[in-house]
Amino acid sequence: MFMEAIKHVFEIIFNPDKVLKRAIELKKYWIPMAVMMVVLSAITVYVAPIQHADQVKFIKENPKIMEKLSKEQIEEMEQYNPKKFIPRVLIAVIISIPFIILILGAFVNWFSTLAGIETDFVTSMTIVGYSSYIDMLWGGIVKDLLAVSKGSFLSVSTSLTLFFPSLDFHSKLYRVLSVFDFFNIWSYIVLGIGISLLPKSSPKKAFIIVLSIYLIKLIFSIIPSLLFSFGF
């Protein structure tokens, strides 16, 4: 089972149909969760200093935030303390992965049921979990590797912002364009493949379901980007 789980991490890229058929058969949604939490947690520890430096830079370049901080707070913020910072980012990784899969699985289950597709919550979560390998795992690994090579996550992108290299990452336009991440879009395509494999499903039904969920995701991602742009 362990070797099969590792194999699926790579096969999901080149042969998603095979992986998702097996995943639907086994219904072990916790496997992709566990794999992603272990791998991404290990990488997060390594890139934590870069994340901290980026946070400090982002805050220091934002006058609205800086004016609210005292000199002592700024000095404390600039000091990298791995004993405090690493546990915080690890908790974020460990909590966010199952949370995202849970929420997206609920949407997939609900829309699929409305479309007359035979599924259940566990199956829906399983499909979401394995399709998330594309975005959360592979997308995360690519971003981390690029950040290590460049020394910063702020200059790393796998979204539409790639076509606008001179765009200020504080700007509203940058925040909106960054929502359209290529790995994320790819993961939704794989999700659609998984939904199409379910009983009483079809490529058309799967496309409509995935498009509906993706549009909801865009709304909830873009609105905060427009509202909370820190005045830039």
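Whatever comes next refers back to the structure up there.
In this report, the structure presented in the accompanying data block is examined.

How each quantity is defined
Residues numbered from 1 in each chain as written. Predicted model: local features only at pLDDT ≥ 70, side-chain atom pairs only at ≥ 80, totals over all residues. Heavy atoms only, no water. Helix = DSSP H or I, 4+ residues; strand = E, 2+ residues; numbered from the N terminus. Rg over C-alpha atoms; globule rule 2.2 N^0.38 Å. Buried < 20%, exposed > 50% of the residue type's maximum accessible area, 1.4 Å probe, protein only. Areas by Shrake-Rupley, 256 points an atom, 1.4 Å probe, with all protein chains shown as cover. Lys, Arg positive; Asp, Glu negative; His and termini not counted. Charge placed at Lys NZ, Arg CZ, Asp CG, Glu CD. 1 Å grid on protein atoms, 1.4 Å probe; cavity = no way out; pocket = protein on both sides within 12 Å on 5 of 7 lines; lining within 4 Å. Points joined across faces, edges and corners; volume = space filled by probe spheres on them. Nonpolar A, V, L, I, M, F, W, Y, C, P; charged D, E, K, R; others polar. Axes fitted to C-alpha atoms, helices over the stretch in contact; angles between N-to-C directions. Parallel < 35°, antiparallel > 145°, perpendicular 65-115°, else oblique. Left-handed = near helix turned anticlockwise from the far one by under 90°. Contact = heavy atoms within 4.5 Å. Expected span 1.5 Å × (residues − 1). Polar contact = N/O pair within 3.5 Å; in protein donor to acceptor, adjacent residues only side chain to side chain. Salt bridge = Lys/Arg side-chain N within 4 Å of Asp/Glu carboxyl O.

A count of helical and extended segments in the protein chain gives ten helices and zero strands. Element order for the protein chain, N to C, with α for helix and β for strand: α-α-α-α-α-α-α-α-α-α. In terms of C-alpha radius of gyration, the protein chain reaches 19 Å, essentially the compact-globule figure of 17 Å for 232 residues. Along the longest, intermediate and shortest principal axes, the C-alpha atoms of the protein chain span 60 × 35 × 30 Å. Looking at the protein chain residue by residue over its 232 residues, the buried ones come to 41%. Entry remark: accessible area of the protein chain is about 12,700 Å², with carbon and sulfur atoms responsible for 71%. Averaging the coordinates of the 22 positive side-chain charges in the protein chain and doing the same for the 17 negative ones gives two points 4 Å apart.

A few words on the layout of surface pockets. The method is simple in principle: a probe with the dimensions of a water molecule rolls over the atoms, and the space it marks as empty is what remains. Approximately 1,900 Å³ is the volume attributed to the largest pocket. Lining the largest pocket are 46 residues; nearest its centre among them are Ile100, Asp135, Lys143, Ser178 and Asp181. Of all elements in the fold, only α3 (30–60), α6 (82–114), α7 (121–150), α8 (172–178), α9 (182–196) and α10 (203–227) reach the threshold of two or more residues within the lining of the largest pocket. Of the pockets and cavities examined, the second largest pocket occupies roughly 240 Å³. Lining the second largest pocket are His52, Gln55, Val56, Ile59, Glu76, Met77, Gln79, Tyr80, Asn81, Lys84, Phe85 and Arg88. When contributions to the lining of the second largest pocket are tallied by element, the ones reaching two or more residues are α3, α5 (71–78) and α6. Element by element, the count of residues in the lining of the second largest pocket is highest for α3, at four residues. Partitioned by chemical class, the residues of the lining of the second largest pocket number five nonpolar, four polar and three charged.

On to unusual backbone geometry. Most peptide bonds take the trans configuration, and most residues that are not glycine carry a negative phi. Here Lys27, not a glycine, exhibits a phi torsion of approximately 60 degrees, which is positive. As for its placement among the helices and strands, Lys27 is situated in the loop between α2 (16–26) and α3. Although it is not a glycine, Lys200 adopts a positive phi angle of roughly 65 degrees. In this structure, Lys200 sits in the loop between α9 and α10. On the basis of relative accessible area, Lys200 is assigned to the exposed category, the value being 57%.

It is worth spelling out the packing of α3 against α6 at this point. Contact geometry of α3 with α6 gives a least axis separation of 8 Å together with a crossing angle of 135 degrees. Classified by the interaxial angle, the pair formed by α3 and α6 is oblique. Crossing geometry of α3 relative to α6 is assigned as right-handed. Side by side, α3 and α6 meet where Met33, Met36, Met37, Leu40, Ser41, Thr44, Val45, Ala48, Gln51, His52 and Gln55 of the first sit next to Phe85, Ile86, Val89, Leu90, Val93, Ile94, Ile97, Pro98 and Ile101 of the second.

The subject of this paragraph is α9. Relative to the 21 Å expected for 15 residues at 1.5 Å per residue, α9 spans 21 Å between its end C-alpha atoms, a close match to the ideal helical length. If you check which residues of α9 are buried, you get Phe183, Asn184, Ser187, Tyr188, Val190, Leu191, Gly192, Gly194 and Ile195. Where α9 starts, the residue carrying a side-chain oxygen 2.9 Å from the main-chain nitrogen of Phe183 turns out to be Asp181.

As enumerated under the stated definition, the model contains seven salt bridges in all. Across the pair Glu4 and Arg22 runs a salt bridge, and its minimum N-O distance is 2.7 Å. Of this pair, Glu4 sits in helix α1 (residues 2–14) while Arg22 sits in helix α2, and the two are 18 residues apart along the sequence. The salt bridge partner of Glu118 is Lys200, with a shortest N-O separation of 3.3 Å. Of the two residues, Glu118 is situated in the loop between α6 and α7 and Lys200 in the loop between α9 and α10; the sequence distance between them amounts to 82 residues.

Purely spatial values, then, with no claim about function.
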